[in-house]
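Examining the three-dimensional arrangement
So the chains spell out like this:
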4 protein chains.
Amino acid sequence: MTAIKDSVHDYVPVTGVAAELLDTPAVQRLRHIKQLSTVRLVYPSANHTRFEHSLGVYHLADRACDHLGITGERAERVRAAALLHDVGHGPYGHQTEDVIRRRTGRHHDEVGDLLGEGRLAAVLEDHGLDPAAVAALVDGRGELGQLISGELDVDRTDYLLRDAHHTGVPYGTVDPGRFLRALGLRDGDLVLSAGNVQTAESLLVARALMDATVYRHHVSRIAGAMLERACERLLDDPAGPDIERFRRLTDGELLERLVGTDATAEFGRRIRDRDLYKRAVWAEREDIPPELRGLDFETTAGAEREVADAAGVDPRSVVLDSPSDPALKESSVRVVVGGEVRRLDEHSPLVEALQAAARTRWRLGVYAPADHTDEVSRAARRVLGLDDA
Amino acid sequence: MTAIKDSVHDYVPVTGVAAELLDTPAVQRLRHIKQLSTVRLVYPSANHTRFEHSLGVYHLADRACDHLGITGERAERVRAAALLHDVGHGPYGHQTEDVIRRRTGRHHDEVGDLLGEGRLAAVLEDHGLDPAAVAALVDGRGELGQLISGELDVDRTDYLLRDAHHTGVPYGTVDPGRFLRALGLRDGDLVLSAGNVQTAESLLVARALMDATVYRHHVSRIAGAMLERACERLLDDPAGPDIERFRRLTDGELLERLVGTDATAEFGRRIRDRDLYKRAVWAEREDIPPELRGLDFETTAGAEREVADAAGVDPRSVVLDSPSDPALKESSVRVVVGGEVRRLDEHSPLVEALQAAARTRWRLGVYAPADHTDEVSRAARRVLGLDDA
Amino acid sequence: MTAIKDSVHDYVPVTGVAAELLDTPAVQRLRHIKQLSTVRLVYPSANHTRFEHSLGVYHLADRACDHLGITGERAERVRAAALLHDVGHGPYGHQTEDVIRRRTGRHHDEVGDLLGEGRLAAVLEDHGLDPAAVAALVDGRGELGQLISGELDVDRTDYLLRDAHHTGVPYGTVDPGRFLRALGLRDGDLVLSAGNVQTAESLLVARALMDATVYRHHVSRIAGAMLERACERLLDDPAGPDIERFRRLTDGELLERLVGTDATAEFGRRIRDRDLYKRAVWAEREDIPPELRGLDFETTAGAEREVADAAGVDPRSVVLDSPSDPALKESSVRVVVGGEVRRLDEHSPLVEALQAAARTRWRLGVYAPADHTDEVSRAARRVLGLDDA
Amino acid sequence: MTAIKDSVHDYVPVTGVAAELLDTPAVQRLRHIKQLSTVRLVYPSANHTRFEHSLGVYHLADRACDHLGITGERAERVRAAALLHDVGHGPYGHQTEDVIRRRTGRHHDEVGDLLGEGRLAAVLEDHGLDPAAVAALVDGRGELGQLISGELDVDRTDYLLRDAHHTGVPYGTVDPGRFLRALGLRDGDLVLSAGNVQTAESLLVARALMDATVYRHHVSRIAGAMLERACERLLDDPAGPDIERFRRLTDGELLERLVGTDATAEFGRRIRDRDLYKRAVWAEREDIPPELRGLDFETTAGAEREVADAAGVDPRSVVLDSPSDPALKESSVRVVVGGEVRRLDEHSPLVEALQAAARTRWRLGVYAPADHTDEVSRAARRVLGLDDA
């Protein structure tokens, strides 16, 4: 039996269908997709990849099956889904998700097409597994789908721990052993057993603190926003890749293309050399008109052009970022309290408070090259009506 | 310059007044007082002592002075207070605090008498420090008193980290480097600088999760309640130590006395061998009459006798525990947000939510020897009126 | 199934005979015996106990059985032996070993008498285990005895890791996962499988570095030597405990007795308050007459008296320490290299080199109260003939 | 003052010349050079980069200056050299070192040309530092050159710790605090102060164990050998980059070029997808003719062609690897023992033993595609004369 040494879980034994899936190009490609994409520009040690994360999720899923007494084909299906849950990611992971969705309608979790053909399908079928059933688990559907992609999933448990280990920010240091031991099944649904309200709360809180400090750090968001705009231009370029080719690129291949294409060379270089735009506007939630919260792509692009125009700068010199509110999927986690299954958000006042805390941290940002922040700031405040708010 | 190797902070350089204070019996005694007293009965690795904790607090205070630009005598005073902040603890730390307070009126933080005489006073005075001023800092008063014993103190930062390291429960893994870098002074008051709302929240949350999982674990509370009752009997015993002698005992000396005194031998042995009482009643906050919450010593003792009577068991066979609500001193922490100093509880919805969460975890417990839990349970429910609630 | 949280191995599941053994006073007593006795006077965080260490050894033995395919009664026997391997320790562990051996002829590993009667025997027999067979394993005899007490044992793997965690000295950070995966059986003997020469070397080296930095630190040796002399006096005292009572004391009970007995009060206080003797002589191996290496108890005592006489000080004011050479039991470890089983010391040049390195670190020490080191130094150099060497 | 969060050293404060150097493209490029190049194919979490390592080395150099009392321009020079010590690395670090040296005669440590022009020179001169003097330090020359690149350098201290953190292999877990505190200057030379023989030994041993387990793992060597051969072909290709362009590529840019060039596409793909050659021959040192040890590039290439010929396979299907012996630069470390400065290899028997141990681990490897290992094995044994040895 092979075991792979991992910096987070120590030895991860790999057997059965997983051992063969590991050797497919689709899984090996994840070695070239960083887990935290542009976060490495803030936390330079955060270079870990979706490959090692996928191994970690596989390992936790395997241990969860053990703990829940799930064996045989059911367990193989769960383990395969865990290992494959990220193969649908485009380059730079979540940062290109919207670009890809706008052009294909497909979200990275919809891996049915990837699992249904080629070597992945062949390996799954060789092991008696239905690719569609595995894809359903990745999507959070079906029996134990919640374990892979739900409110209480092994995906989150792994990434919190791993991101803490690699960024050096300890807030994600959750207790996977306690989480796994708390898992139970009630009428086919995953629940946390009695005495584990704070086990659920701890995961919730870890994610909220990591969100604030790591995942939504404004420098990472600036780089992400610049990357997204460069990707749009690359895909619009006649010599650029088509969207199907694009979503199979690795991080390095995408950066290389951005740097090597005229229309995207400057943004490519700026991302490569960490020479990013700076804050021109930075506004709290209650200080902006409500209709500016969570702007869609078209509205954002229009506003950027309008601000650039008003500032007398190149349209590419304005980047507007109005984030959506963080979702708290954990809120519907079920926990056994006093013998009954309760929803976490009905039982724990933390769920609501963490959502409120996230709103106090929310910021609208307008970003520009360092030597244009003054004029962009003035123009943006006027165009967006910030001074009237 | 000496440096002492610590499992949490690595090398702790020790200089000046601290180097001499370290060698006094009052500080060396802290090697024999466990940081988490009866928690080791739940988490067997939690055998760390108030000595290493005091060193850690000293180290963080030293780094905080450095960061805040405090030097010379002001810094020496702070460092001395940090190192001495726990010398007032009785055996088993917080577990004997109430016993001692009832007989002396003195809380362990009132260290004026200890610092004002003997070797501690001599060392402080040799270094030009006023013992009373150091004692004031320990008590949270005076300039920088907040740093030693306040809402944002180095005491808490150290114990959260240290307790996480030694119990294995990761929830206390806070970020001391970030905390120290966030400290600032505004008009003489300690504040957290801009961008550090979640630094404060992370400390708050870490303590709340450690409270639930470690500090208020019911097995540790049972042992603590048994210890408290045994100490009362020991002090009532004509052959027992007087209260001044008692509060200077070490953990080992107290346990030895409990085991060696007839009136306390059984409880002493039960604590030593972890042969504890079991839960006879375990009731949520909303399931009990409000007047049963946070009972004082006399009322508790009366209720125990009444229940024992009704159950037909020895009065020592009933232990009633109705904890006080956890205080959240962190709530008045001041953080700079948008250029202004704001109180954390006015800015962060987490403060209120954590207090509410603590209330949902609150339990009233009645404990008894394993072979008497049934009759004690029935008697207690009747006597305390739990079934009518 | 119970699982106990441990700071080193995270959750340790406890089942079968181990769950019942845990609750016996003989095992609970180990909570009151520190793993590293006087080392805490150098590394103040090193307060971990033989209880948590025993749990850790049990856990590694359990995982080793799993890996080796050993199940049922054979595995239960191994697990029981692992949990009980230290119940024979006297107070302060190895530091009283020689005292006890001189009076009883019994080494702490000879636990036959403890396992053969009372609750331990009852629990073992209830689970169908022969106490004598378990005692043999503790002593390193019988099938898999090597796993418990041999050249490659789980005892060492646990203590190296645990001592590193608690002292803060990283040299003991071995790789238990690799060690367990390397274990195999060949003709009934434990071997390390192919490719694991450096797995064995890493354990060897970790111990050698921990020996130099931690286990044989001269401050710990001074305290240990003072303790040993105090114990002899306590046992010689008419009011002192007999040897059978003595070997069952805990650390705290012994210290309490030393402080409370006239003949030993000073040494007891000095150990309690870390007010230790200082170095009067500190000589390298090649600078002393060969017959002074590794002196036995009687010769040491005689030399101490002679030196004290010559120095004109109280006989208790001289402590002579001439350590024995460290044994390297690891040298006969068997490793598979190129398909054949080879002895590690025949294959790895490190074994011999580490023994040589230990000899270069060896020191003869003469210790005395701080205010007598000068006269004791002069007298000792003369009496021991050090200046002629 | 900026501080950057690092997964190994926590916060790294960055000031002065370092803050400006950080923003240069030459330093930012190190974000795209992995510290352990092909080792990530064995230890999938080992994706850390030369950027964060350079920051770490800078931090340790800064602390060493502090400890040694070195300030002002001398310290700035040391810090600049520490931060820049790796800017001369080609893509895939050490793996392309020989390729580059064969074509330019330049070793990656010869950074004079890089530091003497462009933005690096400008920044250094702005801060009053002579680029040539900084380059000399990187090369280990001049005052304190030993600290940057010597027997006792901060480079090694950082990489051992960092590689342990990211691979999960604990053997590199050295004690940087102890190392820094042990540093001293004697007549201008770096020495380790008294009592630190084992501090030096611990670094030596850590590197030896990491060499065996990580740095010289055969799978990483296979990938490295394949990469080297592909780079030679890329540079021979008329459409390939010239050597000056080549040495400035990042890891990703090189891999992209290998995959996109006909002559190197297969090897590029095999490295990208971890579809590596397998062992056809694997021979111990004493089992091969001495003249086959440490073969140079030309001889290796000739032997590969001959073996391929004899096996009837494509010449690219044979990869021969006969490593050079590991150097042990640590052997001339100076340590104070008994008041005198001694060379470590004269004092510690470990130095010689570790060299001998490395020789027992040495292997000659011949590698081939999985479906050709049999014929290549037979041909290689015959051609290389292995069966006669």
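Fair warning: this is a prediction, and the values are worked out from it, not measured in the lab.

Basis of the calculations
- Residues numbered from 1 in each chain as written.
- Chains lettered and ligands numbered in written order.
- Predicted model: local features only at pLDDT ≥ 70, side-chain atom pairs only at ≥ 80, totals over all residues.
- Heavy atoms only, no water.
- Least-squares fit on C-alpha atoms with pLDDT ≥ 70 in both.
- Contact = heavy atoms within 4.5 Å.
- Buried area = accessible area lost by both parts, 1.4 Å probe.
- Salt bridge = Lys/Arg side-chain N within 4 Å of Asp/Glu carboxyl O.
- Polar contact = N/O pair within 3.5 Å; in protein donor to acceptor, adjacent residues only side chain to side chain.
- Helix = DSSP H or I, 4+ residues; strand = E, 2+ residues; numbered from the N terminus.
- Nonpolar A, V, L, I, M, F, W, Y, C, P; charged D, E, K, R; others polar.
- Axes fitted to C-alpha atoms, helices over the stretch in contact; angles between N-to-C directions.
- Parallel < 35°, antiparallel > 145°, perpendicular 65-115°, else oblique.
- Left-handed = near helix turned anticlockwise from the far one by under 90°.
- Domains from an automatic or database assignment.
- Pairing = 2+ DSSP bridges.

Moving on to the relation of the copies chain A and chain B. By a simple turn and slide, chain A fits onto chain B: the slide is 0.0 Å along the axis, the RMSD is 0.0 Å, and the turn is 180°. The transformation just described matches what one would write down for a two-fold rotation axis. If distances are taken from each C-alpha of chain A to the rotation axis, the shortest is found for Ala-353 of chain A, at 3.0 Å. Here 100% of the contact residues of chain A are again contact residues in chain B; the copies associate through an equivalent surface.

Bringing the interface of chain A and chain B into the picture now. On the chain B side, the residues contacting the 27 residues of chain A number 27 residues. Around 2,200 Å² of area is buried between chain A and chain B when both sides are counted, 63% of it from carbon and sulfur atoms. Of all residues in chain A, Tyr-171, Gln-198 and Pro-349 of chain A give up the largest surface area on contact with chain B, accounting jointly for 22% of the area buried on that side. On the surface where chain A and chain B come into contact, there are four salt bridges. For the salt bridge of Arg-361 of chain B with Glu-201 of chain A, the shortest nitrogen-to-oxygen distance reads 3.2 Å. Taken together, chain A and chain B are joined by four residue pairs in polar contact (both at pLDDT 80 or more). The set of elements that each furnish at least two residues to the side of chain A that touches chain B consists of helix H12 (197-215) and helix H19 (349-361) of chain A. Grouping the constituent residues of the side of chain A that touches chain B by class yields 14 nonpolar, seven polar and six charged.

All names here are of chain A. Packing of helix H10 (residues 154-167) against H12 leaves a shortest axis separation of 11 Å and a crossing angle of 45°. On the basis of the axis angle, H10 is oblique to H12. Of the two possible hands of crossing, H10 and H12 adopt the one that is left-handed. Taking contact as the criterion, the partners of Arg-156, Thr-157, Tyr-159, Leu-160, Asp-163, Ala-164 and Thr-167 in H10 are, on H12, Leu-203, Ala-206, Arg-207, Met-210, Val-214 and Tyr-215.

So, on to the relation of the copies chain B and chain C. Overlay of chain B on chain C (RMSD 0.0 Å): rotation 180°, translation along the axis 0.0 Å. Of all interface residues in chain B, 100% are interface residues in chain C too; the two copies therefore contact each other through one and the same surface.

What follows deals with the domain arrangement of chain A. Domain assignment breaks chain A into domain 1 (2-168) and domain 2 (277-325 + 362-389). Taken over C-alpha atoms, the centre of domain 1 of chain A sits 36 Å from the centre of domain 2 of chain A.

Quick look at the pattern of salt bridges now. Residue and element names in this part refer to chain B. Taken as a whole and judged by the stated rule, the model has 125 salt bridges over all chains. Asp-139 is the salt-bridge partner of Arg-141, the closest N and O atoms lying 3.0 Å from each other. Three or more residues joined by partner-sharing salt bridges are found here, namely Glu-266, Arg-269, Arg-270, Arg-272, Asp-273 and Asp-275.

Turning next to unusual backbone geometry. Backbone geometry at Asp-10 of chain B places phi at a positive 60°, although glycine is not the residue there. Relative to the helices and strands, Asp-10 of chain B resides in strand S2 (residues 10-14). Unlike most non-glycine residues, Tyr-92 of chain C shows phi in positive territory, near 60°. Turning to its location among the elements, Tyr-92 of chain C is positioned in the loop between helix H4 (72-84) and helix H5 (97-104).

Another aspect to go through is the sheet that holds strand S6 (residues 319-321) of chain C. Residues and elements named next belong to chain C. Spatially, the three strands line up as an open sheet ordered S5-S9-S6, and their pairing is antiparallel. Here the strands that pair on one side only, and so sit at the sheet edges, are strand S5 (278-284) and S6. The sheet shows a mean angle of 15° between the axes of neighbouring strands, taken without regard to direction. In this structure, S5 lies alongside strand S9 (residues 363-368), joined through six bridges in antiparallel fashion. Paired with Glu-284 across the strands is Arg-363, a residue of S9. The sheet contacts of helix H13 (residues 218-236) involve S5, S6 and S9, and relative to S6 the element is tilted by about 120°. Relative to the sheet, helix H20 (residues 373-383) contacts S5 and S9, its axis offset from that of S5 by approximately 30°.

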